[in-house]
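Fold and geometry: a report
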Amino acid sequence: MDYKTAGVDIEAGYRSVELMKQYVKGTMRPEVLGGIGGFSGAFSLEKIKGMEKPVLLSGTDGVGTKIQLAYLMDKHDTVGIDCVAMCVNDVVCAGAEPLFFLDYIACGKNYPEKIAAIVKGVAEGCKQAGAALVGGETAEHPGLMPEYEYDLAGFAVGVAEEKDLITGVDVKPGDVLVGIASSGVHSNGFSLIRKVFNVNKETLSVHYDELGATLGETLLTPTKIYVKALGEVKRAGVTVKGCSHITGGGFYENIPRMLPDGVGAKVRKGSFEIPPIFALMQRTGNLEEKMMYNTYNMGLGMVLAVDAADADRTVAALAKAGEKAWIVGEVVAGEHEAVIV
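Residues numbered from 1 in each chain as written. Predicted model: local features only at pLDDT ≥ 70, side-chain atom pairs only at ≥ 80, totals over all residues. Heavy atoms only, no water.

Its 15 residues place the ends of helix 3 (residues 79-93) 21 Å apart at the C-alpha level, agreeing with the 21 Å of an ideal helix rising 1.5 Å per residue. Counting buried positions over the 15 residues of helix 3 gives 14, a clear majority of the element. Downstream of helix 3 by a residue or two, Gly-95 has a phi angle that is positive, lying close to 100 degrees. (Helix = DSSP H or I, 4+ residues; strand = E, 2+ residues; numbered from the N terminus. Expected span 1.5 Å × (residues − 1). Buried < 20%, exposed > 50% of the residue type's maximum accessible area, 1.4 Å probe, protein only.)

Bringing the nonpolar core into the picture now. Ranked by size, the top nonpolar core spans 94 residues in total, and within it Phe-251, Ile-277 and Met-281 carry the most contacts. Examining the composition of this core, we find that 10 residues originate from one element, helix 3, more than from any other. Beyond its immediate chain neighbours, meaning those up to four positions away, Met-281 contacts Val-185, Ile-193, Val-196, Phe-197, Leu-287, Met-292 and Tyr-296. The next biggest cluster of nonpolar side chains, apart from the first, holds 9 residues, and it includes Phe-43, Ile-48, Leu-99 and Val-159. (Core = buried A, V, L, I, M, F, W, Y, C linked by side-chain atoms within 4.5 Å. Contact = heavy atoms within 4.5 Å.)

Here we have 4 strands laid out as an open sheet, ordered 3-6-4-5, and mixed in their pairing. The open sheet is flanked by strand 3 (54-62) and strand 5 (132-140), the only strands paired with a single partner. If you compare each strand with its neighbour and ignore which way they point, the axes differ by 15 degrees on average. With 9 bridges joining them, strand 3 and strand 6 (residues 150-161) adopt antiparallel strand pairing. Note on strand 6: the bridge partner recorded for Pro-54 is Glu-161. Strands strand 3, strand 4 (97-107) and strand 6 of the sheet are contacted by helix 3, whose axis makes an angle of about 30 degrees with strand 6. Lying over the sheet, helix 4 (residues 112-129) contacts strand 4, strand 5 and strand 6, oriented at roughly 165 degrees with respect to strand 4. (Pairing = 2+ DSSP bridges. Axes fitted to C-alpha atoms, helices over the stretch in contact; angles between N-to-C directions.)

Below, the discussion takes up the side chain of Arg-29. With respect to the element layout, Arg-29 can be found in the loop between helix 1 (10-25) and strand 1 (32-33). For Arg-29, a relative accessible area of 12% translates into the label buried. Here Glu-31 takes part through its side chain, which lies 2.9 Å from a polar atom of the side chain of Arg-29. Within the local environment of Arg-29, its side chain forms a polar contact with the backbone oxygen of Pro-98, the two atoms lying 3.3 Å apart. Not counting chain neighbours up to four residues away, the residues in contact with Arg-29 comprise Phe-43, Lys-47, Glu-97, Pro-98, Leu-99, Gly-130, Ala-131 and Ala-132. (Polar contact = N/O pair within 3.5 Å; in protein donor to acceptor, adjacent residues only side chain to side chain.)

Scanning the model with the defined rule gives 20 salt bridges in all. A salt bridge links Glu-323 to Lys-224, with the shortest nitrogen-to-oxygen separation between them at 3.3 Å. Here the residue Glu-323 occupies a position in the loop between helix 12 (311-320) and strand 13 (325-333), and Lys-224 occupies one in the loop between helix 7 (215-219) and helix 8 (227-235), the gap between them amounting to 99 residues. Lys-224 sits in the partly exposed class, given a relative accessible area of 23%. Across the pair Asp-310 and Arg-313 runs a salt bridge, and its minimum N-O distance is 2.5 Å. Exposure remark for Arg-313: the relative accessible area of 38% places this residue in the partly exposed category. Taken together, the shared-partner salt bridges connect Lys-172, Asp-175, Lys-241 and Asp-307 into one network. (Salt bridge = Lys/Arg side-chain N within 4 Å of Asp/Glu carboxyl O.)

This structure, assessed with the given rule, holds 6 aromatic pairs. Measuring from ring centre to ring centre gives 5.9 Å for Tyr-71 and Tyr-148, while their planes differ by 90 degrees; the resulting arrangement is edge-to-face. Of this pair, Tyr-71 sits in helix 2 (residues 67-73) while Tyr-148 sits in the loop between strand 5 and strand 6, and the two are 77 residues apart along the sequence. With a centroid separation of 6.2 Å and an interplanar angle of 25 degrees, the aromatic rings of Phe-251 and Phe-272 are classed as stacked. With Phe-251 in helix 9 (residues 250-254) and Phe-272 in the loop between strand 11 (263-267) and helix 10 (276-285), the pair connects residues that are 21 residues apart, well separated along the chain. (Phe/Tyr/Trp six-rings, centres within 6.5 Å; stacked < 30°, edge-to-face > 60°.)

Another aspect to go through is the packing of helix 3 against helix 4. Packed helices, taken two at a time, are described by their axes: the angle between them and the distance between them. Running from N to C, helix 3 and helix 4 point in directions that differ by 40 degrees, and their axes come no closer than 6 Å. Considering their axes alone, helix 3 and helix 4 lie oblique with respect to each other. Read as a crossing pair, helix 3 and helix 4 show a hand that is right-handed. Along its contact with helix 3, which presents Gly-80, Ile-81, Val-84 and Val-88, the element helix 4 presents Ile-118, Gly-121, Val-122, Glu-124, Gly-125, Cys-126, Gln-128 and Ala-129. (Parallel < 35°, antiparallel > 145°, perpendicular 65-115°, else oblique. Left-handed = near helix turned anticlockwise from the far one by under 90°.)

Next comes the structure, spelled out in C-alpha cells:
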C-alpha cells in the first residue's frame, strides 16, 4: 500500500506545477519576490510605502455550479477567468488596485493537463486584472469527490488610498447611475439555469440562432473583469461615488449595497441592452421578470453612481476602455432600495 494506491498521485502533482509555470510567469509584477513552488507568495510593499494612507482590500469567491458546464463540455481554460473576476471585481468596486491573487483547486483526481488548463484561465484573468498570481494549492480528494470533478476558489488582495475608497457615503439624490455591459450571465444563478435548460452534454451542444452560438458556448462565456475600465474612469477625472458589482441577488440586492440610508435607486428598463440569453432563459423556464432582475445581471455587470455632471464623461471613458456603457437611471430620495421602472 502506498499514497498512489490510496488515490493521491504525488508525481501528477509535480507535473501539474511544471505545466502551469508557463502561465503563472505571465502574471508577474515587479513587486513579486521569488517564484512559484514556495510555501507562500511574497509581495514587496515598497511601492505602497509612498502612499499617504494605504488601505488593503481583499476578496474571496468561487465559480459556483457554473463549473459543472466545464465538466460536461470538457473545457477548463475559462473558469479560472471567472474565479479571478468574481474576486477582483469586488475589490475594484471599493476603489482598489488588485495586487495579487491566489487560487485553490480541489479535485477528485489530479489530471495534470486539466489542472494546467484551469490555471491557464486563472493566469489570463490575473493578466486582465493586472494582478500577480503569487501562489495556489491543488488538493487531491479521492473518495470525497468523483475523479472527473473539481472545485475552484480564489483570493485577491488590492490597495487603495484611503481618500480614494468608494464607500457610497456621498451618494445623493440626483446622482446618475451608469451601467457597464456584462459579457452574459457571468457566474451566478447557474443552479437555476441548469434546471431551466435541463443541462447535459446534448442540451449544451444545441445551437440557437438568437444566441449565434451553442447554449454551452454562451453560458461558459467568462465573467467580464472591470479593473481596467474603472481605471480609465478614474484617469478621466471622474469621482465614482458608489459602485455595485451585480452578482448573486441581481439588481435588488446589489445596488442598495452602494447607497447610504435615505436614498434609493431607479433603474430604467430599455435604457441598456439585455443579452438574448436572458430572454431565452426567461421564456424557456417561464420565469417571472422580477425574479430575473433579482437573480441575474440582465446585461449590466457593474453599476456606478456618479454626479450628474460627470455622467457623459463616465460613459465616454468606459467607451475608451472598450466597454459598452449606458446611463441607466438615477438616485432618488426615499426607501433604501432599487426599483426597476
